[in-house]
Amino acid sequence: DYMAPLVAELGLERLVRYHGYKPHNQLTRMLAAADVLWLTIGNRPGAEAISTGKLYEYFGAGRPILGLVPEGVARSDLSSYAAAEVVDPDDVPSIAAAIVRLYDRWKADREQVPDADFASRFDRRVLTRHLADLLQDVVDAAA
């Protein structure tokens, strides 16, 4: 675990668990069981175009997300999700405030509810069906 020295330096050993590689089906169960999912995309050149596949796995899990992301594609999608706290990755006071809001909602059992219709737009089965329909249209038009 490459993060172990930092975790130890910060005294977080009892709070941080490294799970290592997990098969996809086990990973998705872990995501769905989480209280909050955390996604970070740092401020760097080209960050506005980054849209990690992990984000769409998070949408599928239907859990609240803490998104520490700069302006761009990922931030736009997170903002549309309706169950995300989205802040700039370098804005420490805003990150702290977002964590407090997430914790307060969790403590009061009032977590944000994701927009299921929005999340379903990224479902692999739905996307594959759309692609198959598109390819069929192309084949039909060529025939």
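The structure we're discussing is the one just above.
What you are looking at is a predicted structure, and each value in this text was computed from that prediction instead of being measured.

Caption draft 1: Quick look at the sheet that holds strand 1 (residues 37-40). The 3 strands are arranged 1-2-3 in an open sheet whose pairing can be described as parallel. On the outer flanks of this sheet lie strand 1 and strand 3 (84-87), each paired with one strand and no other. Neighbour to neighbour, the strand axes of the sheet diverge by 10° on average, direction disregarded. As paired elements, strand 2 (residues 65-68) and strand 3 share 4 bridges and run parallel to each other. Looking across to strand 3, one finds that Gly67 is bridged to Val86. Against the sheet, helix 3 (residues 53-61) contacts strand 1 and strand 2, and its axis sits at roughly 160° relative to strand 1. Packing against the sheet, helix 5 (residues 92-107) makes contact with strand 2 and strand 3, and its axis sits at approximately 170° to strand 3.

Caption draft 2: Representation of unusual backbone geometry within the structure. Of note in this structure, Ala82 is not a glycine but carries a positive phi near 75°. Residue position: Ala82 is located in the loop between helix 4 (73-81) and strand 3. Accessibility expressed as a relative area gives 43% for Ala82, which makes it partly exposed.

Caption draft 3: Up close: empty space enclosed by the protein. The full count for this structure, using the stated rule, is 1 cavity of 30 Å³ or more. Taken together, Asp35, Val36, Pro64, Leu102, Arg105, Trp106, Glu111 and Gln112 form the lining of the largest cavity. By residue class, the composition of the lining of the largest cavity is 4 nonpolar, 1 polar and 3 charged.

Caption draft 4: Up close: the packing of helix 2 (residues 24-33) against helix 3. At a minimum axis separation of 9 Å, helix 2 and helix 3 run at an interaxial angle of 60°. With respect to their mutual orientation, helix 2 and helix 3 come out oblique. The crossing of helix 2 and helix 3 is right-handed. Facing His24, Thr28, Leu31 and Ala32 of helix 2, the residues of helix 3 in contact are Glu57, Tyr58 and Ala61. For the contact of helix 2 with helix 3, the residue count by class is 4 nonpolar, 2 polar and 1 charged.

Caption draft 5: Spatial organisation of the side chain of Arg75. Along the chain, the position of Arg75 falls in helix 4. What makes Arg75 buried here is its relative accessible area of 17%. When sequence neighbours within four positions are dropped, the list of residues in contact with Arg75 reads Val69, Pro70, Val86, Val87 and Asp88.

Rules of the game
- Residues numbered from 1 in each chain as written.
- Predicted model: local features only at pLDDT ≥ 70, side-chain atom pairs only at ≥ 80, totals over all residues.
- Heavy atoms only, no water.
- Pairing = 2+ DSSP bridges.
- Helix = DSSP H or I, 4+ residues; strand = E, 2+ residues; numbered from the N terminus.
- Axes fitted to C-alpha atoms, helices over the stretch in contact; angles between N-to-C directions.
- Contact = heavy atoms within 4.5 Å.
- Buried < 20%, exposed > 50% of the residue type's maximum accessible area, 1.4 Å probe, protein only.
- 1 Å grid on protein atoms, 1.4 Å probe; cavity = no way out; pocket = protein on both sides within 12 Å on 5 of 7 lines; lining within 4 Å.
- Points joined across faces, edges and corners; volume = space filled by probe spheres on them.
- Nonpolar A, V, L, I, M, F, W, Y, C, P; charged D, E, K, R; others polar.
- Parallel < 35°, antiparallel > 145°, perpendicular 65-115°, else oblique.
- Left-handed = near helix turned anticlockwise from the far one by under 90°.

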